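Inside the fold
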Amino acid sequence: MIISGSVKETREQVKEWKRKGLRVGFVPTMGYLHEGHQSLMEAAKKENDRVVASIFVNPIQFGPNEDFASYPRDFEKDAALCESVGVDLVFHPKADEMYKEGFCTYVDMDGLTKELCGKSRPTHFRGVQTVVSKLFHIIPADRAYFGQKDAQQLAVIKKMARDLSMDIEIVGCPIIREADGLAKSSRNTYLNAEERQAALALSRGLAEGRKLVEAGEREAAKVKRAIEVEIEKEKLAKVDYVEVVDFADIMPLADLSAAKEGEVLCAVAVYIGKTRLIDNFIWKAGQ
Ligand code: PAF
C-alpha cells in the first residue's frame, strides 16, 4: 500500500493506473476509521481494480465553534485498517498541501445546503464541496463512495457532480450500525457511558417514524412529531432538528407522497451532552 502526502505523486499514480485501463474507486474520509468507512472501502474494492482512500481532517468544513481541533485522529490505526481491506493508496496530505497560502476559491451551491445541517452549520457544505472537488481533481477516479449516514452530504455531492459535469460516479452506501442500533460515527468516541446509552434515542426515534410511515402515514408533521416524542423521552437528548425532506432537493415535504423522485429522507440531528449526532432513514415510495 502506498501512503502519500503529495498531490503530485498521488495524481501521477492514479493517472498511471487509468492509462493502463484500470478502474479506480475512491473513498474520501476524515480518518478515525470505523466499520462504516470499511464498508465503503469494501464496496470500492469489489467494483474497481484499484482503491484510493484519503484521510484528511478538512479544516474548512468546521465552523469556528466546532470540533476541528479535538476531532479524533489515529493515522497508524487507520493505515492498518486500509491495508487490511486492500486499499492500494492512502492520500494523507498536510493542511498546507491542500490549502496553500492565499487559497480563496470555493465550491458552493444555492439549493440543498440550506436545510437540515445547513441551518446550524452554515459554512459546512461549502467546505465539503470544496475539498471533495479538490480531491476529485487530485484523484481522477471512476467512482467515489459516500455513506448514507451523511445523507445530506451524499445528496449534495451527487448534485455537485451532476451540475459541474464531473466525470465520476457517486455511489451511496448503507448506514452501518452497532448491534444496538447506534449509527457508527467517529464522533461516538466523544460519548461517555451514560451518553452512549442515551444516544440510542436517535435510532429509536427514527424507528418510531419508520413504523408510522410503513403503516401508511403520509403526513410529514405526524411522522416528525412521533420521532421527536420518542427522542425527547431521553433526558440527555436535545433535538437540533427532526425533518422530513425530499431526498432529491432536500426541501421540506408536507406530504411524503410528493417526493419528486419518490425518495423521502427522514433525518435527525440531536445533541447528546455536547456531542451532536445525526442519523436518518430513506423511505422509497411503493416500499
Ligand atoms: O464525510 C466525511 O468524512 C467528510 O465530510 C468528507 C467527505 C471526507 C470531506 O471532508
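Everything in this summary refers to the structure shown in the same document. (Residues numbered from 1 in each chain as written. Predicted model: local features only at pLDDT ≥ 70, side-chain atom pairs only at ≥ 80, totals over all residues. Heavy atoms only, no water.)

Structural notes on the overall build of the chain
Condition: A helix here means a DSSP run of H or I that spans at least four residues, while a strand means a run of E at least two residues long, and both kinds are numbered starting from the N terminus. The atom set for the radius of gyration is the C-alpha atoms, and the globule formula is 2.2 Å times the number of residues raised to the power 0.38. Residue contacts follow a heavy-atom distance rule, with two residues in contact if any of their heavy atoms lie within 4.5 Å. The protein chains shown are the only cover counted for residues, whose accessible areas, like all others here, come from Shrake-Rupley with a 1.4 Å probe.
Helix and strand counts for the chain come out as ten helices and nine strands. Against the compact-globule benchmark of 19 Å for 287 residues, the chain has a radius of gyration of 19 Å, which places it among compact chains. Projected onto its principal axes, the C-alpha positions of the chain cover 55 × 40 × 40 Å. Restricting to contacts in the chain with at least 6 residues of sequence separation, those with at least 24 account for 71%. Counting every atom, the chain has about 13600 Å² of accessible surface; 50% of that belongs to carbon and sulfur.

Some words on the site of the ligand
Short version of the rule: Neighbouring residues are identified by heavy atoms, a residue being near a molecule or strand if any of them is within 4 Å of it. Two N or O atoms form a polar contact when they lie within 3.5 Å of each other; inside protein one atom must be a possible hydrogen donor and the other a possible acceptor, and for residues adjacent in sequence the pair counts only when both atoms belong to side chains. Three classes are used, and their members are as follows: Ala, Val, Leu, Ile, Met, Phe, Trp, Tyr, Cys and Pro are nonpolar, Asp, Glu, Lys and Arg are charged, and the others, Gly among them, are polar.
Neighbouring residues of the ligand: P28, T29, M30, N58, Q61, V128, V131, F146, D150 and Q153. Taking Q61, its side chain carries an N or O atom lying 2.6 Å from an oxygen atom of the ligand. Between the ligand and Q153, the relevant distance is 2.7 Å, taken from an oxygen atom to a side-chain nitrogen or oxygen of the residue. About the coverage of the ligand: the protein hides 89% of its 290 Å² of free accessible area. Tallied by class, residues from the shell around the ligand come to five nonpolar, four polar and one charged.

Some points on the nonpolar core
Under the convention used in this document: Think of a nonpolar core as a cluster: buried Ala, Val, Leu, Ile, Met, Phe, Trp, Tyr and Cys residues, connected wherever their side-chain atoms sit within 4.5 Å. Burial status follows relative accessibility: with a 1.4 Å probe on protein chains alone, a residue under 20% of its type maximum counts as buried, one over 50% as exposed, and anything between as partly exposed.
Counting 47 residues, the largest nonpolar core has F136, I170 and L265 as the members making the most contacts within it. Residues in contact with F136, not counting those within four places in the same chain, are F26, A144, F146, I157, M160, M166, I168 and I170. A199, V223, V244 and C266 belong to the second largest nonpolar core, which has 27 residues in total.

Describing the pairing of strand β2 (residues 24-29)
The line we're drawing: Two strands are counted as paired when DSSP detects at least two bridges linking them.
In terms of residue burial, β2 counts as a mostly covered element, since six of its six residues are buried. Of the two faces of β2, the one lined by V24, F26 and P28 and the one lined by G25, V27 and T29 are each fully buried. Strand direction decides the pairing type here: β2 and strand β3 (residues 50-55), joined by six bridges, are parallel. When the sheet's bridge partners are listed, P28 is paired in β3 with S54. Inspection of the sheet shows β2 paired to strand β5 (residues 143-147) by two bridges, in the parallel sense. Each residue of the ladder has a partner; that of G25, found in β5, is R143.

Observations regarding the pairing of strand β7 (residues 237-246)
Successive side chains on a regular strand alternate, one facing one side of the sheet and the next facing the other. Among the ten residues in β7, seven count as buried, and that is most of the element. As judged from the nine bridges shared by β7 and strand β8 (residues 263-272), these two strands associate in the antiparallel manner. For V245, the partnering residue across the bridge sits in β8 and is L265.

Section: the state of the cysteines
Formally: Two cysteine sulfur atoms make up a disulfide if the distance between them is within 2.5 Å.
Inspection of the entire model under this criterion finds zero disulfides. Here C82 stays unpaired: no disulfide links it, and the sulfur of C173, its closest cysteine neighbor, is 15 Å away. On the basis of relative accessible area, C173 is assigned to the buried category, the value being 8%.

A closer look at the environment of A198
By secondary structure assignment, the location of A198 is in helix α8 (residues 193-198). In this structure A198 comes out as buried when scored by relative accessible area, which is 1%. Sequence separation between A198 and R187 is eleven residues; the distance between their C-alpha atoms is 14 Å. Discounting chain neighbours no more than four positions away, the residues touching A198 are E234, L236 and I272.

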